[in-house]
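Here is what each chain is made of, one letter per residue.
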Amino acid sequence: MAGKTYQISLDLLDPTLDLDGLKEFIKTSSLFENWWNHIPGVFLVVSNEDAAGISAAIRRYTHDARLLVIETNPEDSDGWLPERGWKWVRRRSRNNKQAAAE
């Protein structure tokens, strides 16, 4: 089953943030089906976990840094990204439509 898409936004100026550790966790954890990171401090992740569960799982890397984990809707999106970034978003939009039809 395809998970939901969440945005993780991080305070990159906070010295307690372990960004390298967080990136490795997101890349390798079974918590995430897929991930995207085309803007520094912003991750889009696909997970069956809810926002609170994702936040709790990444706390060991964010420590006291401000962060926001929020469900996103890739179908209603706009901005200025490289084509590779938009391909990821479009794939998520198609997957969400297919999952809703099933």
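Here goes a summary of the coordinates provided. Predicted model only: the values in this text are computed from it and were never measured. (Residues numbered from 1 in each chain as written. Predicted model: local features only at pLDDT ≥ 70, side-chain atom pairs only at ≥ 80, totals over all residues. Heavy atoms only, no water.)

**Some words on the overall build of the protein**
Okay, so step 1: The helix and strand tally for the protein stands at three helices and four strands.
Okay, so step 2: Helices and strands appear in the protein in the N-to-C order β-α-β-β-α-β-α.
Okay, so step 3: Relative to the globule expectation of 13 Å for 102 residues, the C-alpha radius of gyration of the protein, 14 Å, shows essentially globular dimensions.
Okay, so step 4: For the protein, the spread of C-alpha atoms along the three principal axes comes to 45 × 30 × 20 Å.
Okay, so step 5: Across the 102 residues of the protein, 39% fall into the buried class.
Okay, so step 6: In the protein, once contacts between residues fewer than 6 apart in sequence are set aside, the share between residues at least 24 apart is 63%. (Helix = DSSP H or I, 4+ residues; strand = E, 2+ residues; numbered from the N terminus. Rg over C-alpha atoms; globule rule 2.2 N^0.38 Å. Buried < 20%, exposed > 50% of the residue type's maximum accessible area, 1.4 Å probe, protein only. Contact = heavy atoms within 4.5 Å.)

**Some points on the nonpolar core**
Okay, so step 1: Grouped together as the largest cluster of nonpolar side chains are 17 residues, with contacts concentrated most on Ile-8 and Val-45.
Okay, so step 2: When residues of this core are traced back to their parent elements, those giving at least two are strand 1 (4-10), helix 1 (19-28), strand 3 (42-47), helix 2 (51-62) and strand 4 (67-71).
Okay, so step 3: Every residue in contact with Ile-8, bar those within four places of it in the chain, is listed here: Ile-26, Gly-41, Val-42, Phe-43, Val-45, Ile-54, Ile-58, Leu-68 and Val-69.
Okay, so step 4: Judged by nonpolar contacts, the second largest core, of seven residues, contains Trp-36, Trp-86, Trp-88 and Val-89. (Core = buried A, V, L, I, M, F, W, Y, C linked by side-chain atoms within 4.5 Å.)

**Describing the packing of aromatic side chains**
Okay, so step 1: Applying the stated criterion across every chain yields a total of two aromatic pairs.
Okay, so step 2: With a centroid separation of 6.1 Å and 85° between ring planes, the pair formed by Phe-25 and Phe-32 is classed as edge-to-face. For the pair Phe-25 and Phe-32, a shared accessibility class is recorded, and that class is buried.
Okay, so step 3: Consider the rings of Phe-25 and Tyr-61, whose centres lie 5.4 Å apart with planes at 35°: the pair is tilted. Residue Phe-25 is found in helix 1, and its partner Tyr-61 is found in helix 2; the two are separated by 36 residues along the sequence. Each member of the pair, Phe-25 as well as Tyr-61, carries the same accessibility label: buried.
Okay, so step 4: By way of ring pairs, the aromatic residues Phe-25, Phe-32 and Tyr-61 are connected into one cluster. (Phe/Tyr/Trp six-rings, centres within 6.5 Å; stacked < 30°, edge-to-face > 60°.)

**Some points on the environment of Phe-25**
Okay, so step 1: According to the relative accessible area criterion, Phe-25 is buried, its value standing at 12%.
Okay, so step 2: On a C-alpha basis, the gap between Phe-25 and Tyr-61 in space is 8.8 Å, while along the polypeptide they are 36 residues apart.
Okay, so step 3: In contact with Phe-25, not counting residues within four places along its chain, are Leu-31, Phe-32, Ala-57, Ile-58, Arg-60 and Tyr-61.

**Some details on the pattern of salt bridges**
Okay, so step 1: Across all of its chains, the model carries three salt bridges by this definition.
Okay, so step 2: Lys-4 is paired through a salt bridge with Glu-71; the nearest N and O atoms lie 3.9 Å apart. Linking Lys-4 in strand 1 with Glu-71 in strand 4, this pair joins segments that are 67 residues apart in sequence.
Okay, so step 3: Under the relative-accessibility criterion, Glu-71 is labelled partly exposed at 45%. (Salt bridge = Lys/Arg side-chain N within 4 Å of Asp/Glu carboxyl O.)

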